[in-house]
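# Summary of the model geometry
The chain contents come next:
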Amino acid sequence: MIEVKDLSKDYIILKRKPGLSGAIRSLFIREKEIKQAVDHISFEIKPGEVVGYIGPNGAGKSTTIKMLCGILTPSHGEIRVNGVVPYQNRKQNAINIGAVYGQRTQLFWDIPVRESYELLRHIYEIPKNDFEARMKHFTEYLNLGPILDIPVRQLSLGQKMRCELAASFLHNPAVVFLDEPTIGLDVAVKENIRKFIREMNHLYGTTVILTTHDMEDIEQLCQRIIIIDNGSILYDGDLVAVKERFGHQRTIHFEMPQTDHFKLPASLESTVDVAEITESRVSLLFSSRDIKGAEVIAIMMAEYEVNDLTIKDTSIETIVKEIYERGI
Amino acid sequence: MRKYIAIFKSQIQITFAYSAWFWASMISAVFQLIILFYFWHAVYQNSDTIGNMNIKQMITYVMIATILGKFMNGAGSQLAGDIRTGQIATELMRPYNLLHKLMAMDLGGKTSDFIQSAVPLLVVAGLFFSITLPESLTAGILFVVSSILGILLAGVFDLIIGLLAFWTINTWGLRILRNAIVLFFSGSLIPISLFPPSMQLISQYLPFQSMVYVPVSIYTGAISGQDAWMAMGAQLFWIVFIYAVLRASWSQALRKVTIFGG
Amino acid sequence: MVRYMKLYWHFFAAQVKVMTEYWVDFIIGFMSVFFIQFTSVYFIKVVFDHIDVLNGWTFYEILFIYGIASTGRSIHQIFFDNLWLVGRDYIRTGNFDRLLIRPLNPLFHLIADKVQQDGVGNLVLGTILLGISMNHLAFDWGFWDIVLLIVMVISSGLIYSGINLFFVTFSFWMVDSFPLMQTAFNVSQFARYPLTIYSKPIRIILTWVVPYGFTSFYPATLFTGHKNYTTLALITPAVAAIICVIAYGFWIIGLRAYTSTGN
């Protein structure tokens, strides 16, 4: 569905001094700086895959997505989306893709949502029957009924996002790009949106590329993640595999009546680190490869009085952080 | 008073940045002066005087009036904006009178505008379109005082328009309407003395001619001696009167804010 | 082409529907534009209370020039107003990308995105001015003259829009070229009056550099007693076409720059 080969995007940043004199000077002398936003990346995405495309801000995520949408022309490399080269054939590509850009709206600001969809129907030349069937489905699934007659500018963020999502799937595109689709939303709406995306993926086999900072999104939606940082791909593969590779770290919090004289038991010294000590809690960090959790608990219980304990699995967030810091 | 002076000063510094916007407005103003120059020369092609004014006096009048006319706006749109966004509630809790703060800011902005744009425009008008100097030294001094009064009057009037945002949402329409009326009846397009007699009469009972027509006529000498003092008295009267109306409607409006619980 | 016309109709209808719901805004917008323009016309009237002719032009001839300018400008304002906002509302905010992920010509999408109701004020005023002045011109109005006048007015609207498009294209490099557009647009103020009142360099600029002379003055001469400009008057539609082609070409270059550098 999507083929990316050796793709790069360089930005030339012109340095400009402030003020009028700076503006005039920049007409004659230009100091250039080349920044590689995307640096020779390659990947392939099969039809029907849901892929999480993640990385810190400025890593090159949106630059990649823009190139896949045909908004940006690559400096180097090849892209094909559903067989189309986006930047050469932008309009053809546009029919194949749908997109939601976090905070920006792709609907029409002043006119009621229903009319916006009506316009999109004409823009994408969607047959009336298909359109109506899909609208009915979306209205039900995203609970759009009560908001269809309101102009977009009067909608709340959650309402707007639901409308945006429906708009991006309306013309039944082969690929949908979702940029932070759940940012700033409450849990119920997030759930609703995730369910909808899963449903679309199952029903129409839509390929979904998702960029997000919400790890819950990824854990619930993606089978595969691509992690990008500084324009290069750090990791591309199974979500489960990542968890296996980096998911051996455990943290156990022990709630104790007093921690003043706490000292790590000698038998744990070689395998366990003290992560944190507060007035009533000791947190121990270890790898499940070196020592079993049960063993740590047993030794702690034998030496100290423990009121309660919680075991924390590694979140995907710390996994990503770990890859940033130490690599794979 | 000291805090308003501080606000006034800070505003001078803020607007003292040359931007693309500044150059655009300067060039547009120069265009305007060029058009005025050629238009009025065409008007005078077949006659030496129009309404007792010769070409030189007329050019002087319209150019000074056009430049002074650029100072006839005020902080009204800012006030309307504060009201619309609800920012007014926070503003009202601050330890100053919001009206006075807005006026201080507005005057600060106008002071920088005066130095940045009015002075260069006057120089351009003097060098290329040969506008004349004031009638006399007294006329010159009275012109400065009268201009300041005119600008104050326009500023107070603008705040009333801004205040209407408490009662209507469509303040931008009102604003354009206000601009049209002020543009015409202040005399910044054409001397009021050229108006048809009926319009001149109406104009005498309106505050607008005190904004531009009076100061510029003092400059050209069309209003002088006793009349000049009388006209400036009228300016003062209008400032006091409109300020009183502003304060009265302001306290009315504030009651509305308390009702809203804002 | 047919597809785009149909699409425009859908965009247009959706927006008109909204306008009818907010009719108070419509009335206020209409009145305010009408009123501010009326001020300028009344100004001319006051001047003509004191003179008979202005550089060989009568009051009604001047009104006629003004009328063509107003109607032409209204076409630009009603249908192409969104051009003004390319920098501020599209490029700066990143909303321009929205236009690029649609299977449409982005310029079409941009223009269709907004129907500016305030322009109706100019349209009505311009039509009234034309109506009044046409009756007072020493000209025998036949059917084809009216057709010619309409062609001229449309050309005038296209010239306004073309020049605007040319200058908005700079937004692709400088984010918001609004001040530049504003400056260029202000040149059109010169064209409210007969170009004959200006010195030669100004006339040349208004004819060959920023050709606002063709938005009102040259076409008007066809119907007034001034016969020295017939050739220039008759090429007005060609000027409009050339400007639109140049501006569109420049727009394409700007768009290419945008897609290669991003924002």
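Residues numbered from 1 in each chain as written. Chains lettered and ligands numbered in written order. Predicted model: local features only at pLDDT ≥ 70, side-chain atom pairs only at ≥ 80, totals over all residues. Heavy atoms only, no water.

### Observations concerning the overall build of chain C
A tally of helices and strands in chain C yields 14 helices and zero strands. For 263 residues, the compact-globule estimate of 2.2 N^0.38 gives 18 Å, and chain C sits close to it at 19 Å. Dimensions along the principal axes, computed over C-alpha positions, put chain C at roughly 60 × 45 × 35 Å. Residues counted as buried form 59% of the 263 residues belonging to chain C. Total accessible area on chain C stands at roughly 10,500 Å², and carbon and sulfur atoms take up 70% of it. Positive and negative side-chain charges of chain C, numbering 15 and 13 respectively, have mean locations separated by a distance of 9 Å. (Helix = DSSP H or I, 4+ residues; strand = E, 2+ residues; numbered from the N terminus. Rg over C-alpha atoms; globule rule 2.2 N^0.38 Å. Buried < 20%, exposed > 50% of the residue type's maximum accessible area, 1.4 Å probe, protein only. Areas by Shrake-Rupley, 256 points an atom, 1.4 Å probe, with all protein chains shown as cover. Lys, Arg positive; Asp, Glu negative; His and termini not counted. Charge placed at Lys NZ, Arg CZ, Asp CG, Glu CD.)

### Some remarks on the UniProt feature "transmembrane region" (unreviewed entry) in chain B
As recorded in UniProt, the feature "transmembrane region" (unreviewed entry) lies at residues 20-40, 114-133, 140-170, 176-195 and 228-246 of chain B. Within the segment residues 228-246 of chain B, helix and strand shares are 100% and 0% respectively, and the terminal C-alpha atoms sit 27 Å apart. (UniProt positions renumbered as here; feature names shortened; annotations may be inferred.)

### Looking at unusual backbone geometry
Phi at A:H40 is positive, roughly 45 degrees, even though this residue is not glycine. Its place among the elements puts A:H40 in strand β2 (residues 31-45). Its identity as a non-glycine residue notwithstanding, C:N55 has a phi of 50 degrees, on the positive side. Topologically, C:N55 is positioned in the loop between α2 (23-48) and α3 (59-80). The exposure class assigned to C:N55 is buried, which follows from its relative accessible area of 18%.

### Things to note about helix α4 (residues 113-123) of chain A
It helps to recall that an α-helix has 3.6 residues per turn; residues three or four apart then point in one direction. Residues and elements named next belong to chain A. Among the eleven residues in α4, nine count as buried, and that is most of the element. All buried positions along α4 are accounted for by V113, E115, S116, Y117, L119, L120, R121, H122 and I123. Phi for E125, located one or two positions after α4, is positive at around 50 degrees.

### Regarding the interface of chain C and chain A
On the side of chain A, 32 residues touch chain C, which itself brings 30 residues to the contact. Interface area, chain C with chain A, both sides summed: about 2,600 Å², of which 56% is carbon and sulfur. When the buried area of chain C at its contact with chain A is split by residue, C:I101, C:R102 and C:P103 rank highest and sum to 25% of it. At the boundary of chain C with chain A, the tally comes to three salt bridges. Applying the counting criterion to the chain C and chain A interface returns eleven residue pairs in polar contact (both at pLDDT 80 or more). With eight residues, the single largest contributor to the side of chain C that touches chain A is helix α1 (residues 2-21) of chain C. (Contact = heavy atoms within 4.5 Å. Buried area = accessible area lost by both parts, 1.4 Å probe. Salt bridge = Lys/Arg side-chain N within 4 Å of Asp/Glu carboxyl O. Polar contact = N/O pair within 3.5 Å; in protein donor to acceptor, adjacent residues only side chain to side chain.)

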